[in-house]
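Summary of the model geometry
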Amino acid sequence: MIRLHVTSPLAPAAPVAPTLDQSRYLTQVMRLKAGDELLVFNGRDGEWRCTVAEVLKKGVILRAEEQVRSQTFGPDLELIVAVVKKARVETIVEKAAELGARRVRLVLTKRTNADRIRLDRLDAIAEEAAEQTGRMDVPAVDDPIKLDALLDGWETGRRLMFCDETGGAPAVSSLRDAGEGPWSILIGPEGGFSPEEGERLRSLPFTTAVSLGPRILRADTAAIAAMTLWQAAVGDWAR
Ligand code: SAM
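Model, not experiment: these values are computed from the prediction.

**Regarding the side chain of T207**
Considering the arrangement of structural elements, one finds T207 in strand β12 (residues 207–211). The residues touching T207, leaving out its near neighbours within four places in the chain, are L160, F162 and L201.

Next comes the structure, spelled out in structure tokens:
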């Protein structure tokens, strides 16, 4: 069944208004008509079976019928990634949504080769990937922030899996030793972190510097590998 992410509240008999683009997708691509069913979630009220109530020129109106799953969230994992080429950032956002990250944060580092970032496009990619995976929330994608500012404002209690291609510890055992809790994964830019950035990152008390093996990976491959290892070691693949 079609799954759609909306912003409207979901409650018994509530009218639900998808965006114009979503309405076009429902009627012109998927050819839904009044009375047809689909699944809808908003990241707060669980997943609902809805029916198409009206097909109007200015969009479709849905009606929430019944909740079919209650709201759940995955583990508190965020992916922090240095801005790389646009196509790679888009892949990273899509895979982060599929692999269960709650949030994607873009950072600017000394060697960041910044391509223009279109946050609206990244949000749409995250939303589409979340609809397809069956998850009940859509990961937020944040505006780029400087690495130093991000580290200065670090949330108390959050751990950092620093993917260090210059030689970190084996990932799975290091993550298990550090334990559960909110985690962030950090992936550097194509040119890697500068020596000063690497030094600062390794010296922080909340950091676990890990290796992703003896080969240098592209940032998008590294992000996918790191999220997979994290999920298997301390995330919801480990339960
Ligand atoms: N400094 C490298 C160079 O130019 O040779 C390349 C950096 S790599 C393309 C981008 C990022 O992916 C790195 O900063 C790191 O966070 C992550 N990464 C890639 N391979 C890795 C590995 N084998 N172990 C840990 N992290 C890795």
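Let us keep going from here.
**Observations regarding the sheet that holds strand β4 (residues 47–56)**
Within the open sheet, the five strands sit side by side as β1-β3-β4-β5-β2. Their pairing is mixed. A strand with exactly one partner marks an edge of an open sheet, and here the two such strands are β1 (3–5) and β2 (15–16). Of the pairings in the sheet, the one linking β4 to strand β5 (residues 59–69) comprises nine bridges and is antiparallel in character. Of the residues in β5, the one forming a bridge with L56 is G59. Helix-sheet contacts for helix α1 (residues 20–29) involve β1, β3 (37–41), β4 and β5, and the interaxial angle to β5 is about 80°. Lying over the sheet, helix α3 (residues 119–133) contacts β1 and β3, oriented at roughly 145° with respect to β1.

**Considering the site of the ligand**
In the vicinity of the ligand lie 18 residues, with C163, E165, L212, R215 and L217 positioned nearest. Contacts to the ligand include E165, whose side-chain N or O atom sits 2.7 Å from a nitrogen atom. Contact distances for the ligand include 2.9 Å between a nitrogen atom and a backbone N or O atom of G213. When the ligand sits alone it has 580 Å² of accessible area, and the protein chains cover 85% of it. Using a 2 Å cut-off from the grid points, one finds that the ligand occupies the second largest pocket. Looking at side-chain class alone, the shell around the ligand contains nine nonpolar, five polar and four charged residues.

Criteria and cut-off values
- Residues numbered from 1 in each chain as written.
- Predicted model: local features only at pLDDT ≥ 70, side-chain atom pairs only at ≥ 80, totals over all residues.
- Heavy atoms only, no water.
- Helix = DSSP H or I, 4+ residues; strand = E, 2+ residues; numbered from the N terminus.
- Contact = heavy atoms within 4.5 Å.
- Pairing = 2+ DSSP bridges.
- Axes fitted to C-alpha atoms, helices over the stretch in contact; angles between N-to-C directions.
- Near = heavy atom within 4 Å.
- Polar contact = N/O pair within 3.5 Å; in protein donor to acceptor, adjacent residues only side chain to side chain.
- Areas by Shrake-Rupley, 256 points an atom, 1.4 Å probe, with all protein chains shown as cover.
- 1 Å grid on protein atoms, 1.4 Å probe; cavity = no way out; pocket = protein on both sides within 12 Å on 5 of 7 lines; lining within 4 Å.
- Sits in = over half its atoms within 2 Å of the grid points.
- Nonpolar A, V, L, I, M, F, W, Y, C, P; charged D, E, K, R; others polar.

None of the figures reported here should be taken as evidence of function without further support.
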